[in-house]
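Survey of secondary and tertiary structure
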Amino acid sequence: MAYVYLVALLSSLSGQTSCVQIADYWSNHRAALETVFEDFPKQDISHDTVRRLLMLIDPEQFQGFYGRLVEPLLHKFTSRIVAVDGQAVKASRRSGERAGKYILTFYDTENGIALGQKLIGSKENEITHAASMVEGLDLAGCIVTADALNTQEKFASALIQRKADYCLAVKQNHKSLFYDIQLSFVDRTETRTLEIEKVELGHGRIETRKISVLPGSCLSAALLKKWIGLDEGTIIKATTESINKTTGEISSLDRYYISSLNFFNAHIAEQCARAVRRHWGIENDLHYVLDVNFYQDRTQCKNANYLQNRVLLNKWALGMIRKLQKEEETETGKEAKSVKRIMAKLQSPTAALEALATLINK
């Protein structure tokens, strides 16, 4: 059974995580695996066997095993940005359901590694799970970001108790908080606003990003009482202005955030800008890549255990590939190969084992 799981890990590094693909990987590379492992089984296995074994694994235990695998690869950067967001696996949808099963993930944007995940039931909401997931993760010193759906007092409190800071988006689902922040930034008597601005060119447009920061104490006493850490923290306005280089059309968008980052920290505006910008790493660097390179969105599955374990296999493989990319960039000083090119290289069990050994030894 251990060899089935080992082959599943090796197969996942080349993007092959379905039962058929894992069984084929076993069959196609059995001769090579026998040269590395003397007691490797002499017969092939069926995809049904792989499926049964992936269904038998308890997701909580597999996540614990996953944590032990990735822990040595996590560099404890100062103020790591950990983004929280959910992703639907649309092809797992049952008849009568509006969407597929939903998986909430905590993603370390600096290391490119998912720290943990949780399956959300069809009649549940991710709001009720984010706070409970905090207890099992080492988030001390991190800045945890989330969209407006997870901007909840319980979640903010849980993060502060775990010695983490938060930077949470605010929309009109918190009306009084949203309008109070808006009014703070239009108050002409407020002179403590800190601002930074950055201009970027690309994709046929000119984008100007402006971050404005005020102390959280600008808000009403009633709001400060609800949100732990906000009395000494900050409120943030992020303005993005985009000019289409072809048509000259101008569009502008304002977004608002609350954060427990102390307003009097050195370079607080830069800290806030980094947190706001890095949050999108979970969409661009994790969810998008899982759907495009691992075809996760097409995973047709009705068994909850199997789905969670297979998704975690995908995240483990992507995390390893991200670390290999960072190692390559450090060694060569050039941009690393794409995820697809590295996946193609790791189709060989020998290459995959050598790559893993390199990461573990370092």
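Now for a look at the structure at hand. Computed from a predicted model, the values in this text were never measured in an experiment. (Residues numbered from 1 in each chain as written. Predicted model: local features only at pLDDT ≥ 70, side-chain atom pairs only at ≥ 80, totals over all residues. Heavy atoms only, no water.)

Some details on the environment of Leu 261
This is how it is decided: Only runs of H or I of at least four residues qualify as helices and only runs of E of at least two qualify as strands under DSSP, and these elements are numbered from the N terminus.
Within the element layout of this structure, Leu 261 appears in the loop between strand E9 (250-259) and helix H9 (268-278). Between the C-alpha atoms of Leu 261 and Ile 235, which are 26 residues apart in sequence, the distance is 9.3 Å.

Things to note about the pattern of salt bridges
Under the convention used in this document: Any Lys or Arg side-chain nitrogen found within 4 Å of a carboxyl oxygen on Asp or Glu counts as a salt bridge. Remark: exposure states derive from per-residue accessible area (1.4 Å probe, protein chains only) relative to the maximum for the residue type, with buried under 20%, exposed over 50%, and partly exposed in between.
On inspection of all chains with the given rule, the structure shows 12 salt bridges. We note a salt bridge from Lys 198 to Glu 200, for which the minimum N-O separation is 3.6 Å. One salt bridge in this structure joins Lys 337 and Glu 328, with 3.6 Å as the shortest N-O distance. Under the relative-accessibility criterion, Lys 337 is labelled partly exposed at 31%. According to the relative accessible area criterion, Glu 328 is buried, its value standing at 18%. Each of Lys 198, Glu 200, Arg 205, Glu 207, Arg 209 and Arg 277 takes part in salt bridges that share partners, so that together they form one network.

Some remarks on the packing of helix H1 (residues 2-12) against helix H11 (residues 304-332)
Keep this limit in mind: In this analysis an axis means a line fitted to C-alpha atoms, helices contributing only their contacting stretch, and an angle means the value between N-to-C directions, from 0 to 180 degrees. Our angle categories are set so that under 35 degrees counts as roughly parallel, over 145 as roughly antiparallel, 65 to 115 as roughly perpendicular, and the remainder as oblique. Crossings are classed by handedness, with left-handed meaning an anticlockwise turn of the near helix from the far one by less than a right angle and right-handed meaning a clockwise turn. Two residues form a contact once any of their heavy atoms are found within 4.5 Å. For this classification, Asp, Glu, Lys and Arg are treated as charged, while Ala, Val, Leu, Ile, Met, Phe, Trp, Tyr, Cys and Pro are nonpolar and the rest, including Gly, are polar.
Close contact between H1 and H11 brings their axes to 8 Å; oriented N to C, the two are set at 55°. Taken together, the axes of H1 and H11 are oblique relative to one another. Crossing angle aside, the handedness with which H1 passes H11 is right-handed. Counted together, Ala 8, Leu 9 and Ser 12 of H1 and Leu 313, Trp 316 and Ala 317 of H11 form the full contact between these two elements. Within the contact of H1 with H11, the residues separate by chemical class into 5 nonpolar, 1 polar and no charged.

Comments concerning the side chain of Ser 12
By secondary structure assignment, the location of Ser 12 is in helix H1. In this structure Ser 12 comes out as buried when scored by relative accessible area, which is 0%. Beyond its immediate sequence surroundings of up to four residues, Ser 12 is in contact with Thr 17, Phe 294, Leu 313, Trp 316 and Ala 317.

Topic: the side chain of Gln 117
Using the following cut-off: Counting of polar contacts relies on pairs of N or O atoms within 3.5 Å, with two restrictions inside protein: one atom must be capable of donating a hydrogen and the other of accepting it, and residues adjacent in sequence are counted only when both atoms are side-chain atoms.
Here Gln 117 is to be found in strand E3 (residues 113-120). At a separation of 3.0 Å, a polar atom in the side chain of Gln 117 contacts the main-chain carbonyl oxygen of Gln 308. If sequence neighbours within four positions are ignored, Gln 117 has contacts with Gln 63, Ile 103, Leu 104, Thr 105, Met 133, Gln 308, Val 311, Leu 312 and Lys 315.

Quick word on the packing of helix H4 (residues 59-70) against H11
Their axes nearest at 10 Å, the elements H4 and H11 cross at an angle of 5°. When the axis of H4 is compared with that of H11, the two are roughly parallel. Contacts from Pro 59, Phe 62, Gln 63, Tyr 66, Leu 69 and Val 70 of H4 reach H11 at Asn 305, Gln 308, Asn 309, Leu 312, Leu 313, Lys 315, Trp 316 and Met 320. A breakdown of the residues in the contact of H4 with H11 according to their chemical character gives 9 nonpolar, 4 polar and 1 charged.

Things to note about the sheet that holds strand E2 (residues 101-108)
Note the cut-off: Pairs of strands are assigned from DSSP output, requiring at least two bridges between the strands.
Sheet architecture is open: 9 strands sit in the order E3-E2-E1-E4-E5-E9-E8-E7-E6, paired in mixed fashion. Every other strand in the sheet has two partners, leaving E3 and strand E6 (194-202) as the edge strands with one partner each. Averaged over all adjacent pairs, the angle separating strand axes in this sheet is 20°, with direction ignored. Here strand E5 (residues 165-170) runs beside E9; their pairing, made up of 4 bridges, is antiparallel.

Let's talk about the packing of aromatic side chains
Any pair of aromatic rings gets described here by the distance separating the centres and the angle formed by the planes. Going by this rule: Think of it this way: a Phe, Tyr or Trp ring, Trp meaning its six-membered ring, pairs with another when their centres are within 6.5 Å, and the plane angle makes it stacked under 30 degrees, edge-to-face over 60, tilted otherwise. Comment: the charge-over-ring label is applied if NZ (Lys) or CZ (Arg) is within 6 Å of the ring centre and within 35 degrees of the ring normal.
All chains considered together, the criterion is met by 9 aromatic pairs. Aromatic side chains Phe 185 and Tyr 256 sit 6.4 Å apart centroid to centroid with 40° between the ring planes, which places their arrangement in the tilted category. Remark: Tyr 256 occurs in strand E9 and Phe 185 occurs in helix H7 (residues 175-186); sequence separation between them is 71 residues. Neither residue differs from the other here; Phe 185 and Tyr 256 are each classed as buried. Members of the aromatic cluster, joined through ring pairs, are Tyr 3, Trp 26, Phe 37 and Phe 40. Between Arg 51 and the ring centre of Tyr 306, over which it is positioned, the NZ or CZ distance is 4.8 Å.

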